Amino acid sequence: MAQIEDSLKELDRWYGELPGGTDRPKFLAKLATLELCGWLEHRLDSMVQAAGTLAGLDPEWVVSNVLKDNHGFTYQDHLRKMLSKVVGESGIAHLEFTFEQSSPGKLEQLKGALTTLWKSRGLLAHTHTGAPVVQQQTVNAPSWTINQQRIIGKMLDQLEASVVVAFARTIAKP
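Calculation notes
- Residues numbered from 1 in each chain as written.
- Predicted model: local features only at pLDDT ≥ 70, side-chain atom pairs only at ≥ 80, totals over all residues.
- Heavy atoms only, no water.
- Axes fitted to C-alpha atoms, helices over the stretch in contact; angles between N-to-C directions.
- Helix = DSSP H or I, 4+ residues; strand = E, 2+ residues; numbered from the N terminus.
- Parallel < 35°, antiparallel > 145°, perpendicular 65-115°, else oblique.
- Left-handed = near helix turned anticlockwise from the far one by under 90°.
- Contact = heavy atoms within 4.5 Å.
- pLDDT = per-residue confidence, 0-100.

Once that is clear, we can look at the packing of helix α2 (residues 24-54) against helix α3 (residues 59-67). Between α2 and α3, whose axes approach to 10 Å, the crossing angle comes to 130 degrees. Judged on the interaxial angle alone, α3 and α2 are oblique. The crossing of α2 and α3 is right-handed. Note on element contacts: α3 touches α2 through V62, V63, V66 and L67, opposite D45, V48, Q49 and G52.

Shown next, in the form of C-alpha cells:
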C-alpha cells in the first residue's frame, strides 16, 4: 500500500506547486484518481485470488474465468460478482455476515465509497479538457484522492480479514 500512497502524495505535491491558470492541475487531479482506481482494481483482484485459494481453486482458473472479464470495482457489479463465481452465493452471504459482525455498517460504507469513486472515474476517463461541457464535472484534488485511498484501504483491510475468517474452514478441499 505504501507505493500507492507515495504516488498520490507526489501527485499532490506537484499539484500544490503549480501556478493557477493552466490545465496541469486538472491533469494531475485526473491522474491521481485514475491511479487510485488502478490500485483498487488490483487490490480487489488480489482479494478474489485469495478467496479462490481458500476455496481450493486453481489460481489460473480464477484469472481466466473470473478476473479476466472484470473491468471495474463497484461492490455489487464487480467485486461481489467475482467473489460469487469463486465461493458461490452462500459463501458471499457468509462473508457479508462475517464482515458485518466484525465491522458493523462498513459494508454499506464500502459500497458507497466504491460507487462514488466509480462514477468519478467514469466522468474523468470518458472526457478530455477540450470537450464541450455536457454536465458539471468535478475534478477532486489529489488530497481528496489520498483521503479516499486511506478510507477505502482501511475498509478493504477489514473485508480481507473477514475473507480469511469466513473461509478459514475449507470450502472445496477435504
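We are not done yet, so read on.
On to the environment of T53, then. Within the secondary structure layout, T53 lies in helix α2. For the pair formed by T53 and F167, sequence separation is 114 residues and the distance between their alpha carbons is 9.8 Å.

Residues at a pLDDT of 70 or more form 89% of the chain, whose mean pLDDT is 89. No element of the chain has a lower mean pLDDT than helix α1 (residues 2-17), at 89, and none a higher one than α3, at 97.

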